[in-house]
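Residue-level structure breakdown
One letter stands for each residue in the lines below.
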Amino acid sequence: MTHDSVRIGLISISDRASQGIYEDQGLPALQAWFGEVLANPVEFVSRLIPDEQALIEATLIELADAKRCSLILTTGGTGPAPRDVTPEATLAVAHKVLPGFGEAMRAVSLKYVPTAILSRQVGVTRGASLILNLPGQPKAIKETLDGVFAAVPYCIDLIGGPYLEARADTIAVFRPKSALRSPA
């Protein structure tokens, strides 16, 4: 069976990592997770940028509108610190807000750390792109994706993206029976 190819945008948002003060761990963690889970051929479009709202907005617009990424994931900048502006930037470019993603991501993280309640993660669409704000730490990225990815492929179906499939024995992707493809 052949799988649709997908373009995924990855944005790591960190003042210090973007300045080379420390090595970014968010982008490699995301690529590794998708390499293990996704059955589709993937092209990643990655960016490492500082916590600047205008730059985050411009990067999200670039990846959604110009690069046509079906899924865009951000890491970092979702806490309450003054420089944490990822949710504000994401909401500023959104066409539709999907509150369930933010609620579910926080619920997953609360199973591991009580400070997850401080997270302001959001999920939105912009055209045919789903944008999700993830935590910045590799362990938290994996936990969050493990907890919410089952709903991502059907959301991407609904907004006109490719048919995403997970490898056997990883994530059980959910789609209503009417949205399932027949095996080729």
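This text goes with the structure placed above it.
Residues numbered from 1 in each chain as written. Predicted model: local features only at pLDDT ≥ 70, side-chain atom pairs only at ≥ 80, totals over all residues. Heavy atoms only, no water.

Moving on to the packing of helix α5 (residues 99–110) against helix α6 (residues 138–148). Two numbers describe a pair of packed helices, the interaxial angle and the distance between the axes. At a minimum axis distance of 9 Å, the contact between α5 and α6 shows a crossing angle of 125 degrees. Taken together, the axes of α5 and α6 lie oblique to each other. Here the hand of the crossing between α5 and α6 comes out right-handed. Facing Phe 101, Ala 104, Met 105, Val 108 and Ser 109 of α5, the residues of α6 in contact are Glu 143, Thr 144, Gly 147 and Val 148. Taken together, the residues of the contact of α5 with α6 sort by class into five nonpolar, three polar and one charged. (Axes fitted to C-alpha atoms, helices over the stretch in contact; angles between N-to-C directions. Helix = DSSP H or I, 4+ residues; strand = E, 2+ residues; numbered from the N terminus. Parallel < 35°, antiparallel > 145°, perpendicular 65-115°, else oblique. Left-handed = near helix turned anticlockwise from the far one by under 90°. Contact = heavy atoms within 4.5 Å. Nonpolar A, V, L, I, M, F, W, Y, C, P; charged D, E, K, R; others polar.)

When you line up the elements, Glu 103 lands in helix α5. Taking the C-alpha atoms as reference, Glu 103 lies 17 Å from Lys 142; in sequence the two are 39 residues apart.

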